[in-house]
Amino acid sequence: MSRLLDYPRNGIIEWCDVSCLRTRSRCIGVGSSKRDFLSFPAAVKEDMGNALGIAQFGGTAPAAKPWKGLGPGVLEVVESHDGNAYRAVYTVRFEKAVYVLHAFQKKSPSGIRTAKPSILSQNG
């Protein structure tokens, strides 16, 4: 049995054998990350959701970059929408699950860098 995987925003449509669905890791939100992620605009959720889905199958989305805040194995996806920046930080350090550590709308007063209070609150 096959299942159609459809990613309409980037035009990817692929058939996936049911056996590949069994190899998919779970995606688990830590703290308020799931609630925060779900509050993002639909287009941002779709793009970030595609990146997290790729991570669940063991891949790395082109939009995912290493995140320097928590060391190796932690990545972030940044999406822009209507002049706002949205970020999701996740780890792929564990075989059975992708953990979304933090999802937030960037409101940094220091330009392109994430403000230290935001990084500290993620670790606390």
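These numbers were taken from a predicted model, which means no experiment stands behind them.

Student: It is not clear to me how the packing of aromatic side chains should be interpreted in this structure. Could you clarify?
Tutor: Any pair of aromatic rings gets described here by the distance separating the centres and the angle formed by the planes. Tallying each qualifying case throughout the model produces three aromatic pairs. Seen from their ring centres, Phe94 and Tyr99 are 5.4 Å apart, and the 80° between their planes marks the pair as edge-to-face. In this structure an aromatic cluster arises from ring pairing among Phe37, Phe40 and Tyr86.

Student: Sorry, what's going on with unusual backbone geometry here?
Tutor: Across residues other than glycine, the phi torsion is negative in most instances, and most of the peptide bonds are trans. Phi angles above zero are rare outside glycine, and Asp82 is one such case at about 50°. Relative to the assigned elements, Asp82 resides in the loop between strand 5 (74-81) and strand 6 (84-91).

Student: Explain the pattern of salt bridges to me, please; I cannot follow it from the model alone.
Tutor: Opposite charge on two side chains permits pairing when their charged atoms draw close. The final tally for this structure, using the stated rule, is one salt bridge. Between Glu76 and Arg87 there is a salt bridge, and its shortest N-O distance comes to 3.1 Å. Linking Glu76 in strand 5 with Arg87 in strand 6, this pair joins segments that are eleven residues apart in sequence. Just as Glu76 is buried, Arg87 falls in that class too.

How each quantity is defined
- Residues numbered from 1 in each chain as written.
- Predicted model: local features only at pLDDT ≥ 70, side-chain atom pairs only at ≥ 80, totals over all residues.
- Heavy atoms only, no water.
- Phe/Tyr/Trp six-rings, centres within 6.5 Å; stacked < 30°, edge-to-face > 60°.
- Helix = DSSP H or I, 4+ residues; strand = E, 2+ residues; numbered from the N terminus.
- Salt bridge = Lys/Arg side-chain N within 4 Å of Asp/Glu carboxyl O.
- Buried < 20%, exposed > 50% of the residue type's maximum accessible area, 1.4 Å probe, protein only.

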